[in-house]
Amino acid sequence: MEPLPLELPADTVQRVASELRCLPTDERVALRLDEEDKLRHFREYFHIPKTQDLPPIDLSLVNKDENAIYFLGNSLGLQPKMVKTYLEEELDKWAKMGAYGHDIGKRPWITGDETIAGLMTDIVGANEKEIVLMNTLTVNLHLLLLSFFKPTPKRYKILLEAKAFPSDHYAIESQLQLHGLNTEKSMRIVKPREGEETLRTEDILEVIEKEGDSIAVILFSGVHYYTGQHFNMPAITKAGQAKGCFVGFDLAHAVGNVELHLHDWGVDFACWCSYKYLNSGAGGLAGAFVHEKHAHTIKPALVGWFGHELSTRFKMDNKLQLIPGANGFRISNPPILLVCPLHASLEIFKKATMKALRRKSVLLTGYLEYLIKHYYGKEKAEAKTPVVNVITPSRIEERGCQLTLTFSVPIKSIYQELEKRGVVCDKREPNGIRVAPVPLYNSFHDVYKFINLLNSALEAAERKH
Ligand SMILES: *Cc1c(COP(=O)(O)O)cnc(C)c1O
């Protein structure tokens with residue numbers, strides 16, 4: 001009963017319901033979708049929080065031994081069970097042999113980052129030499145901009161999307177200031193049309209077409225952190241490069257969420273963090289990509305000893321032999337204790353594959369959207385229930401797993417009621433809630449339970465008013 005690849009999620013939900021002779025809203029649909037899910041066992045590789053351990057839980061409303069509905073993998077991914085083992089391996093090595101650990105074992109510390117970089121190739125669609133694991137996201141963004149943003153009097157702008165993540169906004173602002181540029185004039189922000197929440201690709205391409213000659217760098221996110229919109233990365237790359245711009249992406253919300261082909265799309269550079277969909281723990285080891293076409297032309301602006309070729313690095317003769325490409329951007333020796341959690345997570349991705357994860361994700365999020373529209377859509381809502389609007393694009397190609405919901409009433413107490421019931425998600429005042437069912441560890445039954453809990457949270461919030 002493999003669903004056809006081209007079947008839309010809503011059609012799958014309805015088909016399964018009619019096979020079961022029940023309504024699409026029936027619990028049995030969720031259970032059947034879980035049964036048919038070939039990736040369902042990957043949930044066992046993670047620690048799923050129990051409701052009783054969540055600080056805001058109200059134990060009179062939930063069964064304490066039940067699993068939380070964790071829909072916050074877009075902010076902080078769950079812990080793979082192997083993380084502790086891998087950390088212990090390196091801690092033991094350190095305890096037992098001290099500095100010899102640099103060269104020995106499964107993850108020699110000197111090349112700890114390199115031992116796992118190969119596990120990232122499939123996730124971002126790049127070859128190993130184009131990928132480097134280092135630092136944290138915003139630091140990497142700065143390092144890349146220092147090399148790719150070389151403004152001239154004619155070409156001096158950085159193009160970005162409206163309401164970019166604050167760190168990206170500040171990074172761009174401060175890079176412009178570093179070159180003595182007026183931020184007002186040089187930050188070209190593409191905004192949605194009046195009354196719309198997300199950007200139209202045609203509008204982005206039009207700005208590039210019209211103003212491309214004055215744009216030095218296009219820096220977009222792959223998936224927008226708030227709206228969940230997945231931008232048309234190949235189209236933006238192509239249009240920008242046709243105008244002579246460098247095109248880079250912040251993949252914080254795209255990596256491990258949607259399929260990426262950075263190499264084939266010809267993207268110039270990219271960076272990402274690993275604690276969201278890549279489950280490496282807060283502050284985890286981030287990544288960067290520099291396309292191989294730039295390996296010998298674009299150099300790091302700031303250099304450290306780990307950008308020097310390994311074969312002669314420890315000669316310490318102060319004659320720089322820079323590694324071409326992304327790995328030359330490394331400054332310091334890699335943090336082995338951050339390599340371990342990422343290693344544990346990337347091994348799971350390797351087994352699951354991005355292709356299969358994405359396929360599940362489309363249905364999982366489609367199921368969530370189907371149920372939300374069914375109960376709370378503009379057309380459906382009765383006078384007493386608030387309208388819940390999905391601002392994330394409904395087209396599959398234009399989103400990842402996250403849906404951003406906006407409510408026709410203030411969300412503060414709705415959110416509190418969700419938290420009390422063991423739903424872990426995220427609120428953005430005044431009226432947005434982001435929910436991300438993650439295909440690696442969330443189930444269709446999680447989505448089903450979420451909808452029921454949302455329902456009771458709405459009723460409880462209503463009673464308070
Ligand atoms: C999460 C996120 C960040 C966070 O940056 P750090 O340097 O990892 O703290 C930056 N940009 C975007 C778009 C993000 O989603």
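All values reported here derive from a predicted model rather than from experimental measurement. (Residues numbered from 1 in each chain as written. Predicted model: local features only at pLDDT ≥ 70, side-chain atom pairs only at ≥ 80, totals over all residues. Heavy atoms only, no water.)

Quick look at the UniProt feature "binding site: pyridoxal 5'-phosphate" (unreviewed entry) in the protein now. According to UniProt, the feature "binding site: pyridoxal 5'-phosphate" (unreviewed entry) maps to Leu137, Thr138, Phe165, Pro166, Ser167, Asp168, Ser221, Asp250, His253, Tyr275, Trp305 and Asn333 in the numbering used here. Their sequence span is 197 residues, while the largest C-alpha to C-alpha distance among them is 31.3 Å; these annotated residues do not converge on one region. For Phe165, a relative accessible area of 33% puts it in the partly exposed group. Tracing the chain through its elements places Asp168 in helix H7 (residues 166–178). What Asp168 contacts, discounting residues up to four positions off in sequence, is Leu141 and Asp250. (UniProt positions renumbered as here; feature names shortened; annotations may be inferred. Buried < 20%, exposed > 50% of the residue type's maximum accessible area, 1.4 Å probe, protein only. Helix = DSSP H or I, 4+ residues; strand = E, 2+ residues; numbered from the N terminus. Contact = heavy atoms within 4.5 Å.)

What follows covers the site of the ligand. Around the ligand sit Leu137, Thr138, Phe165, Asp168, Asp250, Ala252, His253, Tyr275 and Lys276, and those are all the residues in its vicinity. Asp168 is positioned such that a nitrogen or oxygen atom in its side chain is 2.6 Å from a nitrogen atom of the ligand. For the ligand, an oxygen atom lies 3.2 Å from a polar atom in the side chain of His253. Look at the ligand: alone it shows 390 Å² of surface, and the protein chains cover 84% of it. Among the residues forming the shell around the ligand, the class breakdown is four nonpolar, two polar and three charged. (Near = heavy atom within 4 Å. Polar contact = N/O pair within 3.5 Å; in protein donor to acceptor, adjacent residues only side chain to side chain. Areas by Shrake-Rupley, 256 points an atom, 1.4 Å probe, with all protein chains shown as cover. Nonpolar A, V, L, I, M, F, W, Y, C, P; charged D, E, K, R; others polar.)

Here we come to the environment of Pro192. With respect to the helices, strands and loops of the structure, Pro192 is situated in the loop between strand E4 (187–190) and helix H9 (201–211). Its relative accessible area of 28% is what places Pro192 among the partly exposed residues. For the pair formed by Pro192 and Ala356, sequence separation is 164 residues and the distance between their alpha carbons is 32 Å. The residues touching Pro192, leaving out its near neighbours within four places in the chain, are Ala162, Glu197, Thr198 and Leu199.

Here we come to the UniProt feature "modified residue: N6-(pyridoxal phosphate)lysine" (unreviewed entry) in the protein. Under the UniProt annotation, the feature "modified residue: N6-(pyridoxal phosphate)lysine" (unreviewed entry) is placed at Lys276. Relative to the assigned elements, Lys276 resides in the loop between strand E7 (269–272) and strand E8 (287–290). Residue classification places Lys276 among the buried residues on the basis of a relative accessible area of 7%. When near neighbours in sequence (up to four residues on either side) are disregarded, Lys276 contacts Gly73, Asn74, Ser75, Leu76, Gly77, Ala252 and His253.

A word on the domain arrangement of the protein. By domain assignment, the protein separates into domain 1 (9–67 + 353–463) and domain 2 (84–351). Taking only C-alpha atoms, the centre of domain 1 and the centre of domain 2 are 31 Å apart. Opposite the 26 residues of domain 1 that make contact, domain 2 presents 21 residues. Summing both sides of the interface, domain 1 and domain 2 together bury roughly 2200 Å²; the carbon and sulfur share of this comes to 60%. Taken as a group, Thr353, Met354 and Ile391 account for 27% of the area that domain 1 buries against domain 2, more than any other trio of residues on that side. Remark: the boundary between domain 1 and domain 2 carries zero salt bridges. (Domains from an automatic or database assignment. Buried area = accessible area lost by both parts, 1.4 Å probe. Salt bridge = Lys/Arg side-chain N within 4 Å of Asp/Glu carboxyl O.)

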